[in-house]
Amino acid sequence: QWIGEIPKCVPSGCERPAEIPNGGYNLFGHNDTTGMLVAEGSQIYYFCHSGYKLSQEVLPTKRECRDGRWTGDVPTCMKRTHCDMPQEIPNGNYVIGDLYPGTSTYGIGTRIMYECDEGFLAYGTVKLICTSSGYWSDYPPKCIEKDQYCPHPGQIEHGNFVPPADVACTKW
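Residues numbered from 1 in each chain as written. Predicted model: local features only at pLDDT ≥ 70, side-chain atom pairs only at ≥ 80, totals over all residues. Heavy atoms only, no water.

Student: A description of the packing of aromatic side chains should follow, citing residues and the corresponding values.
Tutor: Evaluated as defined, the whole model comprises four aromatic pairs. Relative to Tyr45, the ring of Phe28 has its centre 5.6 Å away and its plane inclined at 80 degrees; by these criteria the two rings are edge-to-face. Separated by 17 residues along the polypeptide, Phe28 in strand β2 (residues 23-28) and Tyr45 in strand β4 (residues 43-48) bring together distant segments of the chain. Its end group placed over the ring of Tyr52, Lys79 keeps NZ or CZ at 5.4 Å from the ring centre. A cation over a ring is seen here: Arg80 above Tyr135, with NZ or CZ 4.5 Å from the ring centre. (Phe/Tyr/Trp six-rings, centres within 6.5 Å; stacked < 30°, edge-to-face > 60°. Helix = DSSP H or I, 4+ residues; strand = E, 2+ residues; numbered from the N terminus. Lys NZ or Arg CZ within 6 Å of the ring centre and 35° of its normal.)

Student: Summarise the state of the cysteines; cite the residues concerned and give the values.
Tutor: Throughout the structure, instances matching the rule amount to four disulfides. The disulfide partner of Cys48 is Cys77, and the gap between their sulfur atoms is 2.1 Å. Between Cys48 and Cys77 the disulfide shows an S-S torsion of about -90 degrees. By sign, it is left-handed. Of this pair, Cys48 sits in strand β4 while Cys77 is found in strand β8 (residues 77-79), placing the two residues 29 residues apart along the sequence. Assigned by exposure class, Cys48 and Cys77 land together as buried. (Disulfide = S-S within 2.5 Å. Buried < 20%, exposed > 50% of the residue type's maximum accessible area, 1.4 Å probe, protein only.)

Student: Residues and numbers for the pattern of salt bridges, please.
Tutor: Taken as a whole and judged by the stated rule, the model has two salt bridges. Glu64 is the salt-bridge partner of Arg66, the closest N and O atoms lying 3.6 Å from each other. What makes Glu64 buried here is its relative accessible area of 17%. A salt bridge links Asp84 to Arg80; the nearest nitrogen and oxygen atoms lie 3.3 Å apart. (Salt bridge = Lys/Arg side-chain N within 4 Å of Asp/Glu carboxyl O.)

Student: Residue-level account of the sheet that holds strand β6 (residues 62-66), with values.
Tutor: Strand order in the open sheet formed by four strands is β2-β4-β6-β7, with antiparallel pairing between adjacent strands. In the strand order of this sheet, the two ends are held by β2 and β7 (69-70), each with one partner. As paired strands, β6 and β7 are joined by two bridges and run antiparallel to one another. The residue bridging Cys65 from the neighbouring strand is Trp70, located in β7. (Pairing = 2+ DSSP bridges.)

Dropping the structure here:
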């Protein structure tokens, strides 16, 4: 005669992680049938909503379910207080109009202006500002060779020329 209780099989895995304030995560793996556990080996990748960035102390942003526990620490999303370094552009550069007072970073309110090298013209927005969301106000312009730049197509009778945003000009 057997002594003791019959063992029960229970699902293994990690508890589904809670959402993080001002961000979230993408889960790559499988849930158990109850939806409460995430399978061993599953991975989560954290992200922050616009205007926020992941805390530097908790990189990388990936965690994995191993032996019923998530590896690493839960990251936090912090409010962005400055923009990333402006993007370099071929055949041009940028000039810093004014930095955020008292810092050497590209703080909220910092203005830059892109300039093209001799023989090139800017296509796009040349004056950008670091917005309150911590992102530049627009994409940098492209510098196009002057002889490849299309002139204004001319006036039309009883109307105006307004190019669509995706208009392109190609010289043959």
